[in-house]
Amino acid sequence: MSATAREVVAAADVYKYGFVTDIESDSAPIGLDESTVRFISAKKGEPEWLLEWRLECFRAWLKMPTPDWTKLKIEPIDYQASTYYSAPKTTPKYQSLDEVDPELLKTYEKLGIPLHERAALAGVAVDAVFDSVSVATTFKGELAKMGVIFCSFGEAVREHPDLVREYLGSVVPTTDNFFAALNSAVFSDGSFVYIPKGVRCPMELSTYFRINAANSGQFERTLIIADEGSHVSYLEGCTAPMRDENQLHAAVVELVALKDATIKYSTVQNWYPGDAEGKGGIYNFVTKRGECRGDNAKISWTQVETGSAVTWKYPSCVLTGDNSVGEFFSVALTNHYQQADTGTKMIHIGKNTKSTIISKGISAGRGQNTYRGLVKVLPKAAGARNTTRCDSLLIGDRCGAHTVPYIDVYNRSARVEHEATTSKISEDQMFYCVQRGLSPDDALSLIVNGFAKEVLKELPMEFAVEAQKLLAVSLEGSVG
Amino acid sequence: MKNTEMNMLEIKNLHARVDGREILKGIDLSVKAGEVHAIMGPNGSGKSTLAAVLSGRDGYEVTEGTVEYMGKNLLDLAADTRAREGVFLAFQYPVELPGVNNLYFLRAAVNAGRRHRGEPELDAGQFLKAVRKTLKLLDLREDLLNRAVNVGFSGGEKKRNEIFQMALLEPKLAILDETDSGLDIDALRQVSEGVNKLRTPDRAFVLITHYQRLLDYIVPDVVHVLAGGRIVRSGDKSLALELEKTGYASVNAA
């Protein structure tokens, strides 16, 4: 049997111990209290208001209970046992690709990761291979001409404090939930995007950023603002199996779409899922929310989630503006002992607001996959409409699929539709493909990609091709 | 070019079980390239089990006997290898694959076979060319191609899609499992014409059917009657006509 992506990542993970000591890092002491928050803020040279904001979030966090309403089985997390700040490491782990585990490189090849990116992902010194700084500069020049701001969160705090101050925490309030509050207190960095009025962002943001994103740490903060009549498509994540020393990840993403603006946010998440026995792996607790703050605004989330041991994630849309539109397209795959509890919230506030939810859950091995979603129509949302489709696909007989839809409607003129199906890949389907000459792995990948097609086609082209391969690699060896 | 020396398929004393129950109880059958064999028999006689065993479906246990195909031990080969070696099964109930584009599926299948034979894979353009040629040969509509495999197809369309796949995959041994079932007379004629066009001196067919009417359109070289897990009679096409008059009961008695 060929090595699965999980095994490859597991093999790669072993290497980290060999390199940990020689990296000089500028870390906060272990543990979390107000001094940690002050340390982080000082390290980043932040203004007073941001420190106060962080502290307020921290104090709120202290009083909040860990959410226990999911179907996830998680060992209690000791929040005092981690380091909450460590300066980005600049020392490369390897000098050339020849030193990298060939199995890891093989996986990159299967996924079709461009050569120059493979080096960066594997932790090779990239300067000689790929000059990411100059590429970034070219991009930035082009974007700046149109008034688009695309920079790290830290830079935005320094260069565009007014925008940050106006919008930070305006979609996800500081006390929204346990993990968001934790992120708000200790976030290290992230991305900031501002698209000015009437501008259509000329490129998919963040394709080249995939490399840089690898270092953005465990508490990432993203804020995207699309001003009136603007349009932006943002890509996050990477299909390559990503190594990370931090088990706990708690990111917050806030999107604000003003009148007539459109934000399309696409994610491919492939963090280390743990080994085949369920040991190790990333816990991914993400709060993602967008608000259609003006009339006719549109926010569209597309996600392909194949990584992490635990995924807790509900990219949501608050449809405040009249005629605004929210969309959520999701493929979540769990294999081995992975657990995913994911879905969305569509909050209809404005008149004639529309939302669409298409969720495709794929469970294999002992994976547990839960769709959890809320569709809420408030009293003033006359003419609101929602269509929801949740399809679950089971591979084998030890995995699970669960659908937990909440529907809350306070307006008589609203129309809400919910459809759900659960199916098993049948022996008939497998045999049909195999009888035509496809290997069992190829047959499975074909059937799964067919199942997820409606969502995959929402991804930008280049991403979609990678995502298809990713689904195949993630399921290798699940049959036969 | 008919190879009269060697049998393409040589089944000897084949016994097979499903769920612990013996269904095939000693089948002997020899098929040469270029021949068309019809296997007829009442329900439950083991016709479909034979097709499943030959194509390598899981859940069928061969307890005795041998199957040689092109000089190889067929039973040693995995189902996908059998397919790539040229064994094709036209399904009695073609399976739906939601979201899987028919053309994409077929190209994957054709290229799996080409890789196996050490031939270069066909790119999208080359494949489309081959597809167009085949469509013309079989007089099929092009809109079948861009739909998901068998999803929303009528019974007739599903069976024609099987023949279309067969034409593109160019098997050496084609097994048609009750391809006539559920077809009206026009669809039956169309499917049969397709099969007749695919008859070549180096290809063999095994037609599994319950009724003789398929054999009005596809004229077999040999007709076998399967009953109780054994071939009880073999003859030329007149045997099928005789069966139609007397029914399977008479054969069982014989």
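Counting starts from 1 at the beginning of each chain's written sequence and moves along it residue by residue. Throughout, the order in which chains and ligands are written sets their labels, letters from A for the former and numbers from 1 for the latter. In view of the model being predicted, local features appear only for residues whose pLDDT reaches at least 70, and side-chain atom pairs are presented and counted only at 80 or more, with totals across whole chains, interfaces and linings using the full set of residues. Derived side-chain values reflect all non-hydrogen atoms in the structure, with water molecules and hydrogen atoms excluded from consideration.

Enquirer: Describe the overall build of chain B, listing the residues and the values that go with them.
Expert: Helix and strand definitions here come from DSSP, where helices need a minimum of 4 consecutive H or I residues and strands a minimum of 2 consecutive E residues; each element is numbered from the N-terminal end. When its secondary structure is counted, chain B shows nine helices and 12 strands. The quantity called the radius of gyration is restricted to C-alpha atoms. Its globule counterpart is 2.2 Å times the number of residues to the power 0.38. Over its C-alpha atoms chain B spans a radius of gyration of 18 Å, differing by no more than 12% from the 18 Å that the globule rule assigns to 254 residues. Judged by the C-alpha coordinates and their principal axes, chain B covers about 55 × 40 × 40 Å. Any residue under 20% of the maximum accessible area for its type is buried, any over 50% is exposed, and the rest in between are partly exposed; the area is computed with a 1.4 Å probe on protein chains only. The burial tally for chain B puts 53% of its 254 residues in the buried class. Note that accessible areas follow from Shrake-Rupley with a 1.4 Å probe, and for residues the cover is restricted to the protein chains shown. For chain B, the exposed area adds up to about 11,500 Å²; of that, 48% sits on carbon and sulfur atoms. When charges are counted, neither His nor the chain ends are considered; positive counts come from Lys and Arg and negative counts from Asp and Glu. Think of each charge as sitting on NZ of Lys, CZ of Arg, CG of Asp or CD of Glu. In chain B, 34 positive and 35 negative side-chain charges are present, and the distance between their average locations comes to 3 Å.

Enquirer: Would you mind going over helix H3 (residues 102-116) of chain B in detail, with residue names and values included?
Expert: Residue and element names in this part refer to chain B. Look at H3: 21 Å from first C-alpha to last across 15 residues, which is about the 21 Å you get at 1.5 Å a residue. Within the sequence span of H3, burial applies to Asn102, Leu103, Phe105, Leu106, Ala109, Val110, Asn111, Ala112, Gly113 and Arg114. Any N or O atom pair separated by 3.5 Å or less is treated as a polar contact, with the protein-specific requirement of one donor-capable and one acceptor-capable atom, and with residues adjacent in sequence counted only for side-chain atom pairs. For H3, the capping residue at the N-terminal end is asparagine 101, with a side-chain oxygen 2.8 Å from the backbone nitrogen of leucine 103. Glycine 118 lies just past H3 and shows a positive phi near 75°. Each residue after the first adds 1.5 Å to the expected span of a helix.

Enquirer: Requested: an account of the sheet that holds strand E11 (residues 222-227) of chain B, with residues and values cited.
Expert: All names here are of chain B. One open sheet accounts for six strands, arranged E6-E9-E10-E3-E11-E12; its pairing is mixed. Each end of this open sheet is capped by a strand with a single partner; those strands are strand E6 (87-90) and strand E12 (230-235). If you compare each strand with its neighbour and ignore which way they point, the axes differ by 20° on average. In this structure, strand E3 (residues 36-40) lies alongside E11, joined through four bridges in parallel fashion. Within E11, the residue paired with isoleucine 39 across the bridge is histidine 224. Along the sheet, helix H1 (residues 47-55) contacts E3, E6, strand E9 (173-177), strand E10 (204-209) and E11; its crossing angle with E9, the most-contacted strand, is approximately 145°. The criterion used for residue contact is that any of the two residues' heavy atoms lie within 4.5 Å. Only the stretch in contact is used when a helix axis is fitted, and all axes are lines through C-alpha atoms; the angle between N-to-C directions ranges over 0 to 180 degrees. Docked against the sheet, helix H5 (residues 155-169) engages E6, E9 and E10, running at close to 170° with respect to E6. Strands are labelled as partners when DSSP assigns at least two bridges between them.

Enquirer: Break down the sheet that holds strand E9 (residues 298-305) of chain A for me, citing the residues and quoting the values.
Expert: Residue and element names in this part refer to chain A. Strand order across the open sheet formed by seven strands is E4-E7-E9-E12-E14-E16-E18, with parallel pairing between neighbours. Strand pairing shows two members of the sheet lacking a second neighbour, strand E4 (231-237) and strand E18 (415-424), which therefore form its edges. In this sheet, neighbouring strand axes are inclined to one another by 5° on average, regardless of whether the strands run parallel or antiparallel. The strands that helix H12 (residues 440-456) touches are E9, strand E12 (325-334), strand E14 (354-363) and strand E16 (385-394); relative to E14, the one it contacts most, it runs at about 155°.

Enquirer: With reference to specific residues and values, describe unusual backbone geometry.
Expert: Residue and element names in this part refer to chain B. Unusually for a residue other than glycine, aspartate 19 sits at a positive phi of about 50°. Relative accessible area serves as the criterion here: at 78%, aspartate 19 is assigned to the exposed category. The phi angle at glutamate 170 is positive, at roughly 45°, despite the residue not being glycine. Mapped onto the elements of the fold, glutamate 170 is located in the loop between H5 and E9.

Enquirer: How would you explain the pattern of salt bridges if you had to name every residue and give the values?
Expert: Residue and element names in this part refer to chain A. Within this document, salt bridges are pairs made up of a side-chain nitrogen of Lys or Arg and a carboxyl oxygen of Asp or Glu, the two lying within 4 Å of each other. Counting across every chain of the model gives 34 salt bridges over all chains. Between aspartate 391 and arginine 389 there is a salt bridge, with the nearest N and O atoms lying 3.2 Å from each other. Linking lysine 457 and glutamate 458 is a salt bridge whose minimum nitrogen-to-oxygen distance equals 3.9 Å. The structure contains a network of salt bridges with shared partners spanning Lys360, Arg389, Asp391 and Glu454.

Enquirer: Outline the confidence of the model for chain B, listing residues and values.
Expert: Here chain B averages 91 in pLDDT, and 96% of its residues register 70 or above. Both scores are available for the predicted complex, with the pTM at 0.83 and the ipTM at 0.95. pLDDT measures the predictor's confidence residue by residue and takes values from 0 up to 100.

Enquirer: Explain the packing of H3 of chain B against helix H4 (residues 124-138) of chain B to me, using residue names and the numbers behind them.
Expert: Residue and element names in this part refer to chain B. It is the contact of H3 with H4, at a shortest axis distance of 11 Å, that shows an interaxial angle of 100°. Taken together, the axis directions place H3 and H4 in an arrangement best described as roughly perpendicular. Residue-level inspection shows Leu103, Leu106, Arg107 and Val110 of H3 in contact with H4, the latter providing Ala124, Phe127, Leu128 and Val131. Geometric relationships in this document are graded by angle, where less than 35 degrees denotes roughly parallel, more than 145 denotes roughly antiparallel, 65 to 115 denotes roughly perpendicular, and other angles denote oblique.

Enquirer: Tell me what's going on with the interface of chain A and chain B, and back it up with residues and numbers.
Expert: Contact residues are listed per partner, giving 19 residues for chain A and 31 residues for chain B. Throughout, the accessible surface (probe 1.4 Å) given up by two parts as they are put together, summed over both, is called the buried area. Counting the surface lost from both chain A and chain B, the interface buries some 2,000 Å², and carbon and sulfur atoms represent 63% of this. Together, Phe431, Tyr432 and Arg436 of chain A form the three largest contributors to the area buried by chain A at its contact with chain B, with a combined 38%. Counting across the chain A and chain B interface gives two salt bridges. Among the ionic pairs, glutamate 162 of chain B bridges to arginine 436 of chain A, the shortest N-O distance being 2.7 Å. Connecting chain A to chain B are 12 residue pairs in polar contact (both at pLDDT 80 or more). Broken down by secondary-structure element, the contributors of at least two residues to the side of chain A that touches chain B are helix H11 (427-435) and H12 of chain A.

Enquirer: Which residues make up the packing of aromatic side chains, and what values go with them?
Expert: All names here are of chain A. The pairing test for Phe, Tyr and Trp rings, Trp by its six-membered ring, is centres within 6.5 Å, and the orientation test on the planes gives stacked under 30 degrees, edge-to-face over 60, and tilted for anything in between. Evaluated as defined, the whole model comprises 19 aromatic pairs over all chains. Between tryptophan 69 and tryptophan 312, the aromatic rings sit 5.8 Å apart at their centres with planes inclined by 40°, giving tilted as the arrangement. With tryptophan 69 in the loop between helix H3 (48-62) and helix H4 (102-111) and tryptophan 312 in strand E10 (residues 310-313), the pair connects residues that are 243 residues apart, well separated along the chain. The class of tryptophan 69 is partly exposed, set by a relative accessible area of 44%. On the numbers, 5.2 Å between centres and 80° between planes, the contact of phenylalanine 153 with phenylalanine 187 is edge-to-face. One end of the pair, phenylalanine 153, is in helix H7 (residues 153-159); the other, phenylalanine 187, is in the loop between helix H9 (178-186) and strand E2 (189-195), with 34 residues separating them in the sequence. Comparing phenylalanine 153 with phenylalanine 187 shows no difference in burial state: the two are buried.

Enquirer: Outline the pairing of E6 of chain B, listing residues and values.
Expert: All names here are of chain B. Taking every second residue as pointing to the same face, both faces of E6 are buried, with Val87 and Leu89 on one and Phe88 and Ala90 on the other. Bridging between E6 and E9 involves four bridges; their strand directions are parallel. Residue pairing for E9: alanine 90 is matched across the bridge by leucine 176.

Enquirer: Run through the nonpolar core, naming residues and quoting values.
Expert: In this text, buried Ala, Val, Leu, Ile, Met, Phe, Trp, Tyr and Cys residues form a nonpolar core when linked through side-chain atoms within 4.5 Å. The biggest cluster of nonpolar side chains holds 68 residues, and the ones touching the most others in it are Val448 of chain A together with Ile11, Phe105, Leu173 and Ile175 of chain B. Top element by residues in this core is H12 of chain A. It accounts for nine residues. Residues in contact with leucine 173 of chain B, not counting those within four places in the same chain, are Met8, Leu9, Tyr69, Gly86, Val87, Phe88, Ala204 and Val206 of chain B. Leu163, Leu168, Val186 and Val256 of chain A belong to the second largest nonpolar core, which has 49 residues in total.

Enquirer: I'd love a proper account of helix H6 (residues 185-197) of chain B, names of residues and values included.
Expert: Residues and elements named next belong to chain B. The end-to-end C-alpha separation of H6 is 18 Å, in line with the 18 Å expected for 13 residues at 1.5 Å each. At its buried positions, H6 is contacted by H4, H5, E9, E10 and helix H7 (213-217). Capping the start of H6 is the job of one residue whose side-chain oxygen sits 3.2 Å from the backbone nitrogen of aspartate 186: aspartate 184.

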